[in-house]
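Observations on chain architecture
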Amino acid sequence: MREILLAAPVLLPVLGGAGMLVLHLKDGGEKNDRRLMFLTEGLVLLNSLVIFWLLRYRMGANLVLFRLFGNLTVRFGLDPMGGVFAGLIGFLWPLAVLYSFEYMKHEKRKQMFFAYYVMTYGVTAGIALAGNLVTMYLCYEMLTLVTFPLVLFPMTREAKRASRRYLYYSIGGAAFAFIGLVFVLSFSATGNTDFAPGGVLDLDAAEARRNLLLLVYVLAFFGFGVKAALFPLHGWLPRATVAPTPVTALLHAVAVVKSGAFAILRFTYFSYGTEFLRGSWAQWTVMAAALVTIVFGSTMAVREIHWKRRLAYSTVSNLSYILFGATVMSPLGLAAALSHLVIHAFMKICSFFCAGAVMHQTGKTQVYELDGLGKSMPVTFGCLAVASFSLMGIPLFGGFISKWNLVQAAFACEGSWLPCAGVAVILYSALMTGIYMLTVLVRACFPKREKQRTETEPERKYRDPGWMMLVPLLIFAALILFWGLHSSSLMRLLTEIGGEAG
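Rules used throughout
- Note that residues are indexed from 1 along each chain, following the sequence as it is written.
- Owing to the predicted nature of the model, reporting of local features is limited to residues with pLDDT of at least 70; listing and counting of side-chain atom pairs is limited to 80 or more, with chain, interface and lining totals taken over all residues.
- In computing side-chain properties, one takes all heavy atoms of the structure into account and sets aside hydrogens as well as water.
- Per the convention used, a helix needs a DSSP run of H or I reaching at least four residues, while a strand needs a run of E reaching at least two, with both numbered from the N terminus.
- What the globule rule says is 2.2 Å times the number of residues to the power 0.38, and the radius of gyration is computed from C-alpha atoms.
- Classification of residues uses two cut-offs on accessible area relative to the type maximum, computed with a 1.4 Å probe and protein chains only: under 20% is buried, over 50% is exposed, and between them is partly exposed.
- Whether two residues touch is decided by their heavy atoms; if any such pair falls within 4.5 Å, the residues are in contact.
- Accessibility throughout is a Shrake-Rupley quantity obtained with a 1.4 Å probe, and a residue counts as covered only by protein chains that appear here.
- Helices are assigned an expected span. That span is 1.5 Å times one less than the residue count.
- Only residues whose relative accessible area exceeds 30% and that take part in no salt bridge are eligible for patches, with like-charged residues grouped when within 9 Å of each other and nonpolar side chains (Val, Leu, Ile, Met, Phe, Trp, Tyr) grouped when within 5 Å.
- Each reported salt bridge corresponds to a side-chain nitrogen of Lys or Arg within 4 Å of a carboxyl oxygen of Asp or Glu.
- Only Phe, Tyr and Trp rings take part, Trp by its six-membered ring, and two of them pair if their centres are within 6.5 Å. Stacked means planes under 30 degrees apart, edge-to-face means over 60, and tilted covers everything else.
- Put simply, a charge is over a ring when the Lys NZ or the Arg CZ is close to the ring centre, within 6 Å, and near the line of the ring normal, within 35 degrees.
- By the criterion applied in these results, polar contacts are pairs of N or O atoms within 3.5 Å in which, for protein atoms, one can donate a hydrogen and the other can accept it, and in which residues neighboring in sequence qualify only through two side-chain atoms.
- Known as pLDDT, the predictor's confidence for each residue is given on a scale from 0 to 100.
- Under this scheme, a helix contributes an axis fitted over its contacting stretch, all axes are lines through C-alpha atoms, and angles between N-to-C directions fall in the 0 to 180 degree range.
- Between 65 and 115 degrees an angle is taken as roughly perpendicular, under 35 as roughly parallel, over 145 as roughly antiparallel, and anywhere else as oblique.
- Handedness of a crossing follows from how the near helix is turned relative to the far one, being left-handed for an anticlockwise turn of less than a right angle and right-handed for a clockwise one.
- Amino acids outside the nonpolar list (Ala, Val, Leu, Ile, Met, Phe, Trp, Tyr, Cys, Pro) and the charged list (Asp, Glu, Lys, Arg) are all regarded as polar, and Gly is one of them.
- Strand pairing requires that DSSP identify at least two bridges connecting the strands.
- The definition of a nonpolar core used throughout is a set of buried Ala, Val, Leu, Ile, Met, Phe, Trp, Tyr and Cys residues joined through side-chain atoms within 4.5 Å.
- Two axes enter the definition of the bend at a residue: one is fitted to the seven residues ending there, the other to the seven starting there, and the bend is the angle between them.
- Positive residues here are Lys and Arg, negative ones are Asp and Glu, while His and the chain termini are left out of the count.
- One atom stands in for each charge, and that atom is NZ of Lys, CZ of Arg, CG of Asp or CD of Glu.

**As for the overall build of the protein**
Scanning the protein from terminus to terminus reveals 21 helices and 2 strands. Against the 2.2 N^0.38 benchmark of 23 Å for 502 residues, the protein shows a C-alpha radius of gyration of 22 Å, consistent with a compact globule. Along the first, second and third principal axes, the C-alpha atoms of the protein reach 80 × 55 × 40 Å. Taking all 502 residues of the protein together, 61% fall into the buried category. Summarising the internal contacts of the protein: among those between residues at least 6 apart in sequence, 80% fall at separations of at least 24. Here the protein displays about 19,500 Å² of accessible surface, and carbon together with sulfur accounts for 63% of that area.

See the structure below:
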């Protein structure tokens with residue numbers, strides 16, 4: 001009977017968020033804002049507690065919520081790989097909500113914003129806890145529907161264009177992913193789409209249609225890759241930065257882009273299986289696409305002068321680190337991909353929240369406007385420095401660990417020169433990351449000259465934001481340092497997952 005709790009992390013936020021939409025709370029007023037804050041944080045914290053309880057006591061449990069028809073079921077399950085993603089979102093979401101309260105303090109329509117923010121939590125948990133490809137695909141589609149209003153939230157012309165583009169890209173990607181779902185079901189050895197280490201394909205039947213199935217895999221890889229911002233399907237991501245920073249931070253760090261990368265890992269290792277894919281032209285095709293995306297994203301980030309869009313292109317590049325690990329198609333490759341999925345989440349949400357703190361306190365959005373702000377906002381830029389050094393892959397920071405694992409996986413991959421070329425691509429991306437992240441820090445902390453003010457221009461003094469925004473930043477920065485110094489327990493877990501599935 002306790003298995004019903006596997007659906008709680010999905011249903012509780014979705015139903016709670018839907019209830020918030022119809023709850024009568026007027027915008028504005030300290031009393032109403034406090035009620036909304038307690039309701040939102042209470043829902044999110046309760047959901048995270050349920051997730052951590054499941055991770056502690058119900059690992060390996062399964063639940064068929066309902067049957068669609070035949071062998072198609074909506075099934076939730078908790079295995080170690082899904083547990084990694086579920087634990088990640090369970091930890092990050094309450095902190096993101098806390099940050100959002102201060103950031104959205106003076107915004108209108110906060111009730112609608114937090115309702116969809118909570119529902120996004122539930123749908124993302126559904127992807128993490130999906131027990132088969134059908135359930136993951138349904139949640140993947142729902143993720144588009146609940147995040148679309150968040151991208152549209154500012155209701156400006158730019159936001160409307162960005163949200164339409166996001167919708168078009170996501171629907172198109174889901175269509176290609178659906179093709180993969182159909183073929184997995186058709187060639188499944190078990191007659192269903194349940195996830196299984198090593199995949200579920202009937203290899204004898206699949207060999208007779210090998211090239212067709214390889215083509216379907218590539219199409220599905222790009223379909224799920226839309227949300228992972230795979231080139232040339234990345235165009236929605238930089239434009240989505242028009243949304244409020246609490247939205248873009250979760251879009252770029254956890255909810256959307258990580259769901260796309262997680263779906264590719266699931267599809268590759270638990271649906272198709274690497275035995276069928278390893279050494280094929282499909283493997284080298286998707287690996288080349290990931291490497292091209294890394295180069296493109298990091299190069300575009302150097303050129304971009306809008307701070308949040310620069311971080312968006314950084315996400316484009318870094319998400320394909322995960323996809324590169326996936327395409328190595330080995331136990332070490334999966335472990336490396338999962339390590340970057342986890343550590344990058346902390347690096348990127350910290351970076352975006354730092355940018356959001358500066359924008360909230362100063363209104364400055366361009367890189368060239370940041371001169372001298374490091375003195376005024378030392379805590380914010382100190383946390384940004386930690387995230388920046390980690391993104392560059394400097395030793396003793398978390399980013400070094402995941403990049404080291406990816407390099408090891410690449411050198412261990414045989415059958416082509418492409419994985420070794422991937423090492424060169426990672427080094428190039430690290431150089432570009434140093435340029436586009438250090439440019440911000442140098443401008444903020446070591447301006448070329450003091451700005452000259454006219455006699456009529458008032459002096460403006462800026463400062464770090466309040467505790468609701470600073471506490472998440474400090475926690476993220478501390479964890480980035482922790483992963484850099486004490487990653488052995490994490491890597492043992494991820495290595496076990498890779499060994500089981502790869």
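**Looking at helix α18 (residues 398–412)**
Between its first and last C-alpha atoms α18 spans 22 Å; for 15 residues at 1.5 Å apiece the expected length is 21 Å, and the two agree. Those residues of α18 not exposed but buried are Gly-398, Gly-399, Ile-401, Ser-402, Lys-403, Asn-405, Leu-406, Val-407, Ala-409 and Ala-410.

**Notes on a nonpolar patch on the surface**
Judged by side-chain polarity, Phe-66, Leu-68, Phe-69 and Leu-138 come together as a nonpolar surface patch covering roughly 390 Å² of accessible area. Ranked by residue count, the leading element in the nonpolar patch is strand β1 (residues 62–69), at 3 residues. Assignment of secondary structure puts Leu-68 in strand β1.

**Here we look at the packing of aromatic side chains**
We describe a pair of aromatic rings using the distance from one ring centre to the other and the angle between the two ring planes. If you walk through the whole model with that rule in mind, you get 32 aromatic pairs. Seen from their ring centres, Phe-389 and Phe-397 are 5.7 Å apart, and the 65° between their planes marks the pair as edge-to-face. The structure contains a cluster of three or more aromatic residues connected by ring pairs, namely Phe-91, Tyr-99, Tyr-103, Phe-346, Phe-353, Phe-476, Phe-482 and Trp-483. Stacked on the ring of Tyr-140, the Lys or Arg Lys-227 has its end atom at 4.3 Å from the ring centre. Above the plane of the ring of Phe-270 lies Arg-266, whose end atom (NZ or CZ) is 4.8 Å from the centre.

**Observations concerning the side chain of Thr-362**
Turning to its location among the elements, Thr-362 is positioned in helix α15 (residues 331–362). By relative accessible area, which is 10% here, Thr-362 ends up buried. A distance of 2.6 Å separates the side chain of Thr-362 from the backbone oxygen of Val-358, its partner in a polar contact. Within polar-contact distance, the side chain of Thr-362 engages the backbone nitrogen of Lys-364 at 3.1 Å. With sequence-adjacent residues up to four places away left out, Thr-362 is seen in contact with Leu-373, Met-377 and Tyr-462.

**Overview of the confidence of the model for the protein**
When pLDDT is averaged along the protein, the result is 87, and 95% of the positions lie at 70 or above. Mean pLDDT across the secondary structure elements of the protein bottoms out at helix α10 (residues 245–253), with 78, and peaks at helix α13 (residues 281–303), with 94. In the predicted structure, residues 452–457 sits below a pLDDT of 50 and forms 3 contacts with residues beyond four places in sequence or in another chain.

**Brief notes about the packing of helix α17 (residues 378–392) against helix α19 (residues 418–445)**
Packing of α17 against α19 leaves a shortest axis separation of 9 Å and a crossing angle of 165°. The angle between α17 and α19 falls in the class roughly antiparallel. The chirality of how α17 crosses α19 is left-handed. Residues Phe-381, Leu-384, Ala-385, Ser-388, Phe-389, Leu-391 and Met-392 of α17 form the contact with α19, whose own contacting residues are Ala-430, Thr-433, Gly-434, Met-437, Leu-438, Val-440, Leu-441 and Ala-444. Looking at the contact of α17 with α19 residue by residue, the class counts come to 12 nonpolar, 3 polar and no charged.

**Here we look at the pairing of β1**
Taken residue by residue, a regular strand's side chains alternate between the two faces of the sheet. Both β1 and strand β2 (residues 72–77) contribute to a ladder of 6 bridges, which runs antiparallel. Across the sheet, residue Phe-66 finds its bridge partner in β2, namely Val-74. In textbook terms, the turn of a hairpin is the stretch between consecutive antiparallel strands, and for β1 and β2 this stretch comprises 2 residues, one of which, Gly-70, has a positive phi near 55°.

**Structural notes on the nonpolar core**
Nonpolar side chains tend to gather and get buried jointly when the protein is soluble and globular. Residues Trp-93, Tyr-217, Leu-265, Tyr-272, Trp-307 and Phe-381 are the most contacted members of the largest nonpolar core, which totals 189 residues. Looking at which element gives the most residues to this core, the answer is α15, with 19 residues. The residues contacting Trp-307, other than those within four sequence positions of it, are Cys-354, Ala-355, Val-358, Thr-365, Gln-366, Val-367, Leu-370, Phe-381, Leu-384 and Val-440.

**Here we look at α19**
With 28 residues, α19 extends 40 Å from end C-alpha to end C-alpha; this agrees with the ideal 40 Å at 1.5 Å per step. The largest bend in α19 is about 30°, located at Leu-438.

**A few points about a positive patch on the surface**
A surface patch of positive charge is lined by Arg-157, Lys-160, Arg-161, Arg-164 and Arg-239. With 4 residues, helix α6 (residues 157–186) is the single largest residue contributor to the positive patch.

**Considerations on the pattern of salt bridges**
Inspection of every chain in the model, using the stated rule, returns 5 salt bridges. Linking Asp-79 and Arg-266 is a salt bridge whose minimum nitrogen-to-oxygen distance equals 2.8 Å. One end of the pair, Asp-79, is in the loop between β2 and α3 (80–103); the other, Arg-266, is in helix α11 (residues 257–272), with 187 residues separating them in the sequence. Under the relative-accessibility criterion, Arg-266 is labelled buried at 1%. Of the charged contacts in the structure, one is a salt bridge between Asp-371 and Arg-443, with a shortest N-O distance of 2.8 Å. With Asp-371 in the loop between α15 and α16 (373–376) and Arg-443 in helix α19, this pair connects stretches of sequence that are 72 residues apart. Residue class for Asp-371 comes out partly exposed when judged on its relative accessible area of 23%. The exposure class assigned to Arg-443 is partly exposed, which follows from its relative accessible area of 28%.

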